[in-house]
Amino acid sequence: MTMPPKDPRIEAAATRLKEAIQERADAYRAPLWEPIWKRPRTPKSQAQTKQELRKQRRRLQDAGRRRFFAGQSRRPRSRQNRIGSAAVRRDARALSRVRHSTTWLW
């Protein structure tokens, strides 16, 4: 059995195919996306760190103010107070019924 003569076009196509296969294998071997906790840390300058801390402090202060004023606006009442006010409402309702009726209290 004799080998056919080498064709340069076929050889070039075979080389390109081998390179593409190798590239695909490399792409599957090394992950393109890596979780942030596995990435190497990039050092920050002191100015960058301080700026981030300033922004964080400001954000926390704003949240604290919002929480404070939200509590002020709602003014949660104690349970005892709610029970008492319900009793007062019941009494007032009864009195108004009597007041609008034609019966005499004495």
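Residues numbered from 1 in each chain as written. Predicted model: local features only at pLDDT ≥ 70, side-chain atom pairs only at ≥ 80, totals over all residues. Heavy atoms only, no water.

Chemist: Mind showing me how you'd approach the pattern of salt bridges here?
Modeler: One side chain can pair with another of opposite charge once the charged atoms of both are near each other. For the structure on display, the rule yields four salt bridges. For Glu-52, the salt bridge identified is with Lys-44, shortest N-O distance 3.1 Å. Note on Glu-52: relative accessible area 43%, which makes it partly exposed. Three or more residues joined by partner-sharing salt bridges are found here, namely Arg-58, Asp-62 and Arg-65. (Salt bridge = Lys/Arg side-chain N within 4 Å of Asp/Glu carboxyl O. Buried < 20%, exposed > 50% of the residue type's maximum accessible area, 1.4 Å probe, protein only.)

Chemist: Looking at this model, I keep getting lost on a positive patch on the surface. Mind explaining?
Modeler: A cluster of basic residues, Arg-89, Arg-90, Arg-93 and Arg-97, forms a positive patch at the surface. Tracing the backbone through its elements, the reader meets Arg-89 in helix H3 (residues 79-100). In this structure Arg-89 comes out as partly exposed when scored by relative accessible area, which is 48%. (Patch = residues over 30% accessible without salt bridge, like charges linked within 9 Å, V, L, I, M, F, W, Y side chains within 5 Å. Areas by Shrake-Rupley, 256 points an atom, 1.4 Å probe, with all protein chains shown as cover. Lys, Arg positive; Asp, Glu negative; His and termini not counted. Charge placed at Lys NZ, Arg CZ, Asp CG, Glu CD. Helix = DSSP H or I, 4+ residues; strand = E, 2+ residues; numbered from the N terminus.)

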